[in-house]
Amino acid sequence: MPIDVLLGLQWGDEGKGKVVDTFTPHYDVVARFQGGPNAGHTIVFNGKKYVLHLIPSGIFHEDTVCLVGNGVVIDPITLKREIETLEATGEQIRGKLRISQRAHLILPTHKLLDAASEQAKGDQKIGSTLRGIGPTYMDKTGRNGLRVGDLLSDEFEDRYKALVTKHKKMLDQFYQFEYDLSEIEPQFLEAVEFLKGLQLINSESFINQELKAGKKILAEGAQGTLLDIEFGSYPFVTSSNTTTSGACVGLGVPPSSIGRVFGIFKAYCTRVGSGPFPTELNDEVGEEIRKAGSEFGATTGRPRRTGWIDLPLLKYAVQLNGVTDLIMTKADVLSIKDEIMVCTAYKTDEGLTQDIPFEQENAVPVYEPHKGWGVDVTEVRSKENLPQELKDYIKYLEGYLEVPITFVSVGPDREQIMEMHALEV
Ligand code: GDP
Ligand code: IMO
Ligand code: MG
C-alpha cells in the first residue's frame, strides 16, 4: 500500500486538521512528518472544538495509530499539556500515540532564542509563533540537538546542561534581551519525565513494516507550501520542508511509496505573520472575510491577514507537491460576496506572467471577477445541491490548476464536507 499525503497549499491554516479527521476512518496510521507546536489544527465534532499542536489529527478515532515522526520537533511541555487536556475530556490518547526516537526536542532556551532573534529583527521580524521552531531546527542541522531517544541515556542531563550553557552564551549576545528560566526549566524537566513514559519507537522501522503489511497510512502536513524553507517566501517561512518530499525524510519512507497527494486550499487566502502576500486585502472586504471566516490564529490568536485566491501561487504549490487531488475549504465563507476576485497572473515590467517572481513583494496581481453564490451553503452535503455559481467557480479552478477538486468543505464541523468525485483510498 502506498502512503498518502495531505498538506496545505497556501500559508497554513487551510483546514488540514478538519480534513485529516474526516479521512481518518479510511486509514490505519496517521503521521505528522514536520513542524512542531507552531501548528494549530482545529477539529470540530459533536459541538466541541479541539485544537491540536503536536498530536496528529487522527487521534479522535479509536482504531487508528497516531505517529509523531522523526521530522517533527517536540516541546515536551506542550505535548504533556495536550495529552493531559484531551485525557481529561475522556479521550484515550497514550495507547494510540507513538513518538519517533529521532524527533528533536525543543528546549526552553530554544524558545528564548526564538524570541531574542525576533526582537533583534525589529521591522523585519518573521512573525514567528515563538515556539522555538527555528532554533531547534538550527541545532538539528548544526548537529547539536537533543532527540527523544537521548532521554533514555544516562548522559541526557549532562548533554542538556551543555546545550543550555551554549544557548545562554548566545542569548548574552542579544541587545537588551532579558529572561528568566527559573519557572520554565522545572516544568520542562517534569515534562521530560512524562515523555519518557510514552511509546517512544524506531518510527522509520514501524512505518515501513506497516507499509509492507498493507496498512493504509496518511501523512499529515503542518504549515503550508508557501511557508516551506526551500520554496516559500524566504526568509518569511518556517524552518522545515512542508512539501510532499518532507514526508519522505520526515518519516523515513522512500519517494516511490508515495500514493495520493491531497492538497488543501481555502477558497480565498490567509496568512499569519510577516511576508509578501500579493493578493492581500487591507480594506473592508479583507475585514469582512476575516470576520466571516473567523480568521484568528489557532496557535497564537493573532488576526490572520486575508486576501483573494492566488492561482499562480496555488499552481506553483500543486506542481511542487505533485498534488493528485485538491480539497477546497471555507467555500461557505465566500457566500458573503456577490462578486469574487481571482488572481490569474502578475503584472511585471516585462508584461504579464504566471511565474512566481523571486521578490514577491512587488508582484502586482491581475484579477478576473467571478460571480459569487451569495447563499448559505453550510447545510449542503452533496455536489448536486451546490449553487451553480459555486459549481462554476470549482470548474474554473480545476481548469486552471489541472487537478480535480475531490472534496469541498462548507463549515468547520467534521460533517460539513462533500465528495465531488469518487474517492477510492
Ligand atoms: P489547519 O492548521 O490547516 O488545521 O487549520 P486551522 O485549524 O488552523 O484553521 C482552519 C479554521 O477553519 C479552523 O477554525 C477550522 O475549524 C475552520 N474550518 C475548516 N474548514 C472550514 C470550512 O470549510 N468552513 C469554515 N467556515 N471553517 C472551516
Ligand atoms: P498550521 O499547521 C499558519 C507561520 C508564522 C510565521 C512563520 C514562521 O496550523 O497551518 P515559526 O513559528 O515556524 O517560526 O513561524 O510561519 N506559521 C504558521 N502560519 N499556520 C501554521 O501552522 C503556521 N506555523 C508557522 O506565523 O509567519
Ligand atoms: Mg492552523
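Quick note: structure is the one above.
Residues numbered from 1 in each chain as written. Chains lettered and ligands numbered in written order. Predicted model: local features only at pLDDT ≥ 70, side-chain atom pairs only at ≥ 80, totals over all residues. Heavy atoms only, no water.

K.L.:
Whenever I open this one, the overall build of the chain confuses me. Can you help?
P.N.:
Looking only at helices and strands, one finds 11 helices and 20 strands in the chain. For 425 residues, the compact-globule estimate of 2.2 N^0.38 gives 22 Å, and the C-alpha radius of gyration of the chain, at 21 Å, lies within 12% of that figure. Along the longest, intermediate and shortest principal axes, the C-alpha atoms of the chain span 65 × 50 × 40 Å. Per-residue burial for the chain yields a buried fraction of 58% across its 425 residues. When the accessible surface of the chain is summed, it comes to about 18100 Å², and 49% of that surface belongs to carbon and sulfur atoms. Positive and negative side-chain charges of the chain, numbering 45 and 61 respectively, have mean locations separated by a distance of 3 Å. (Helix = DSSP H or I, 4+ residues; strand = E, 2+ residues; numbered from the N terminus. Rg over C-alpha atoms; globule rule 2.2 N^0.38 Å. Buried < 20%, exposed > 50% of the residue type's maximum accessible area, 1.4 Å probe, protein only. Areas by Shrake-Rupley, 256 points an atom, 1.4 Å probe, with all protein chains shown as cover. Lys, Arg positive; Asp, Glu negative; His and termini not counted. Charge placed at Lys NZ, Arg CZ, Asp CG, Glu CD.)

K.L.:
Would you mind showing me how to read the coordination of the magnesium ion (ligand 3) here?
P.N.:
Metal coordination angles in their ideal form are 109.5 degrees for the four-donor tetrahedron and 90 or 180 degrees for the six-donor octahedron. Here the magnesium ion (ligand 3) is held by the protein donor atoms Asp13 (OD) and Gly40 (O), which lie 2.1 to 2.2 Å from it. Of the two residues, aspartate 13 is situated in the loop between strand S1 (3-8) and helix H1 (16-23) and glycine 40 in the loop between strand S2 (29-32) and strand S3 (41-45); the sequence distance between them amounts to 27 residues. (Donors = N, O, S within 2.8 Å, 3.2 Å for Na, K, Ca; no water.)

K.L.:
What is the right way to read the packing of helix H5 (residues 156-172) against helix H6 (residues 184-196) from this model?
P.N.:
Each pair of packed helices can be described by the angle between their axes along with the distance between the axes. The contact between H5 and H6 brings their axes to 14 Å, and the two run at 145°. Crossing hand, H5 versus H6: right-handed. Packed against H5, whose contacting residues are Phe156, Tyr160 and Val164, the element H6 presents Glu185, Phe188, Leu189 and Val192 at the interface. (Axes fitted to C-alpha atoms, helices over the stretch in contact; angles between N-to-C directions. Left-handed = near helix turned anticlockwise from the far one by under 90°. Contact = heavy atoms within 4.5 Å.)

K.L.:
How should the site of ligand 2 be read in this particular structure?
P.N.:
Close to ligand 2 lie 20 residues; Lys16, His41, Thr129, Gln223 and Thr238 are nearest. A distance of 3.1 Å separates an oxygen atom of ligand 2 from a polar atom in the side chain of serine 128. Residue threonine 129 places a side-chain N or O atom 2.5 Å away from an oxygen atom belonging to ligand 2. When isolated, ligand 2 has an accessible area of 550 Å², and the protein chains bury 97% of it. (Near = heavy atom within 4 Å. Polar contact = N/O pair within 3.5 Å; in protein donor to acceptor, adjacent residues only side chain to side chain.)

K.L.:
What's the story with the environment of proline 312 in this structure? I'm lost.
P.N.:
Turning to its location among the elements, proline 312 is positioned in helix H10 (residues 311-321). In sequence terms proline 312 and isoleucine 356 are 44 residues apart; their C-alpha atoms lie 7.0 Å from each other. In this structure proline 312 touches Cys343, Thr344, Ala345, Tyr346, Gln354, Ile356 and Tyr400, once residues within four positions along its chain are discounted.

K.L.:
Please clarify how the nonpolar core should be interpreted in this entry.
P.N.:
Nonpolar side chains tend to gather and get buried jointly when the protein is soluble and globular. Counting residues in each nonpolar core, the largest one holds 57 residues, and the members touching the most others are Met328 and Tyr393. Considering every element that reaches this core, the biggest residue donor is helix H11 (residues 388-401), with 6 residues. When residues no more than four places from it in sequence are discounted, the contact partners of tyrosine 393 are Ala267, Ile309, Met328, Leu334, Ile340, Val342, His370 and Trp373. Counting residues in each nonpolar core, the second largest holds 54 residues, with Leu6, Ile99, Phe156 and Phe262 among its members. (Core = buried A, V, L, I, M, F, W, Y, C linked by side-chain atoms within 4.5 Å.)

K.L.:
Would you mind going over the site of ligand 1 with me for this structure?
P.N.:
In the vicinity of ligand 1, 19 residues are found, and the nearest of them are Lys16, Gly40, Thr42, Asp332 and Ser409. Side-chain polar atom of serine 409 to an oxygen atom of ligand 1: 2.5 Å apart, as the coordinates give it. Compared with its free state, where it exposes 590 Å², ligand 1 has 93% of that area covered by protein. Elements with a minimum of two residues in the shell around ligand 1: H1 and S3. Among the elements that make up the shell around ligand 1, the one with the highest residue count is H1 (3 residues).

K.L.:
Whenever I open this one, unusual backbone geometry confuses me. Can you help?
P.N.:
Backbone phi values are negative for most residues with the exception of glycine, while trans is the configuration of most peptide bonds. With an omega dihedral of 5°, the bond running from tyrosine 234 to proline 235 counts as a cis peptide bond. Position of proline 235 among the secondary structure elements: in the loop between strand S10 (217-220) and helix H8 (244-251). Here leucine 130, not a glycine, exhibits a phi torsion of approximately 65°, which is positive. Residue placement: leucine 130 occurs in the loop between helix H3 (108-121) and helix H4 (133-141). When its relative accessible area of 38% is taken as the criterion, leucine 130 is described as partly exposed.

K.L.:
Quick question: what am I supposed to make of the packing of H3 against H5 here?
P.N.:
The N-to-C vectors of H3 and H5 enclose an angle of 15°; their axes lie 9 Å apart at closest approach. Relative to H5, H3 is oriented roughly parallel. The chirality of how H3 crosses H5 is left-handed. Residues Pro108, Thr109, His110, Leu112, Leu113 and Ala116 of H3 lie in contact with H5, whose contacting residues are Tyr160, Val164, His167, Met170 and Leu171. (Parallel < 35°, antiparallel > 145°, perpendicular 65-115°, else oblique.)

K.L.:
Looking at this model, I keep getting lost on the sheet that holds strand S19 (residues 405-409). Mind explaining?
P.N.:
Sheet strands pair via backbone hydrogen bonds, and the direction of the pair is either parallel or antiparallel. The strand order across the open sheet built from 10 strands is S9-S7-S5-S2-S10-S1-S11-S15-S19-S20, with neighbouring strands paired in mixed fashion. At either end of the open sheet lies a strand with only one pairing partner, and these are strand S9 (200-201) and strand S20 (417-419). (Pairing = 2+ DSSP bridges.)

K.L.:
Quick question: what am I supposed to make of the pattern of salt bridges here?
P.N.:
Working definition: two side chains of opposite charge can pair if their charged atoms are close together. Within this structure, the stated rule accounts for 21 salt bridges. Lysine 16 serves as the salt-bridge partner of glutamate 14, at 2.9 Å between the closest nitrogen and oxygen. For lysine 16, a relative accessible area of 3% gives the class buried. In this structure, the salt-bridge partner of arginine 290 is glutamate 287, at a minimum N-O distance of 2.5 Å. Residue arginine 290 and its partner glutamate 287 are located together in helix H9 (residues 284-292), separated by 3 residues, close to a single helical turn. The class for glutamate 287 is partly exposed, based on a relative accessible area of 41%. The network of salt bridges with shared partners includes Asp13, Lys266, Glu295, Arg304 and Lys330. (Salt bridge = Lys/Arg side-chain N within 4 Å of Asp/Glu carboxyl O.)

K.L.:
Mind showing me how you'd approach H4 here?
P.N.:
Residues that lie three or four places apart on an α-helix share one face, since the helix turns once every 3.6 residues. Ile133, Gly134, Pro135, Thr136, Tyr137 and Asp139 are the residues of H4 that are buried. Elements that come into contact with the buried residues of H4 comprise strand S6 (73-74), strand S8 (104-105), H3 and H5. Once H4 ends, the next one or two residues include arginine 143, with phi positive near 65°.

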